[in-house]
Amino acid sequence: ATGRKASAETRKKLSEIAIARGIGGNTSKNRIYFEKKTGEVVYLQSSYERRFAEILERLDIHWCRPEPLLWVDTDGVKHRYYPDFQIGSVYIDTKNDYLAVKDLPKINSVIEQNNIVLLIVTEEMITEEYIASLV
C-alpha cells in the first residue's frame, strides 16, 4: 500500500534476495555513452572513466566492464563492488584523490575476499604511458 514502510528485517531479506539474483545495488546514475572500436556500446559513469576508455581504445587494449564483485563489510553486510574496467585478470577503478583514500578499506576487503588484483587509478595516472604499462 502507498506510504507503508517495510521493516528493517523485511528490507534486509529483500536485499539478500536481490543480491542472490544479481540485481539491485547502488551505482552512479551518470550514463556516458561510449562506443568502442568494435561497435560495442558501453555506458561509463565519469569523465575519468571516459578518458581511461579513450586511451585503452587508442592503444588497442582489449577491455570490458566487469561483473560486480561480492564482498562483506565488517558488520557482516553483503555488498557488490563495481570496478570500472577489466584488462585480462586485472580490475581497475578510476577514482579522484579523495575517494581513493576514503574507499581504501572497502577496496582492500574486495581484493582480499575475491583474491584479485584491483588497481586504483587517480587522475594523474590516466596517461598513455601508465595505461600501456598495464598489459
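Let us look at the structure shown here. (Residues numbered from 1 in each chain as written. Predicted model: local features only at pLDDT ≥ 70, side-chain atom pairs only at ≥ 80, totals over all residues. Heavy atoms only, no water.)

**Some thoughts on the pairing of strand β2 (residues 41-44)**
Step number 1: Burial along β2 is one-sided: Val42 and Leu44 are buried, while Val41 and Tyr43, pointing the other way, are not.
Step number 2: With 4 bridges connecting them, strand β1 (residues 32-35) and β2 associate as antiparallel partners. Along β2, the bridge assignment pairs Ile32 with Leu44.
Step number 3: Remark: 5 residues form the turn of the hairpin made by β1 and β2, two consecutive strands paired antiparallel; Gly39 in that turn has positive phi of roughly 95 degrees. (Buried < 20%, exposed > 50% of the residue type's maximum accessible area, 1.4 Å probe, protein only. Helix = DSSP H or I, 4+ residues; strand = E, 2+ residues; numbered from the N terminus. Pairing = 2+ DSSP bridges.)

**Comments concerning helix α4 (residues 104-114)**
Step number 1: Here α4 has its buried residues at Ile107, Ser109 and Val110. Projected onto a plane normal to the axis of α4, the buried residues spread over an arc of 160 degrees and lie on a single side. In α4, the exposed positions that point more than 90 degrees away from the buried face belong to Pro105 and Glu112.
Step number 2: Tucked inside the fold, the buried residues of α4 contact β3 (69-72), β4 (78-81) and β7 (117-121). (Arc of directions from axis to C-beta. Contact = heavy atoms within 4.5 Å.)

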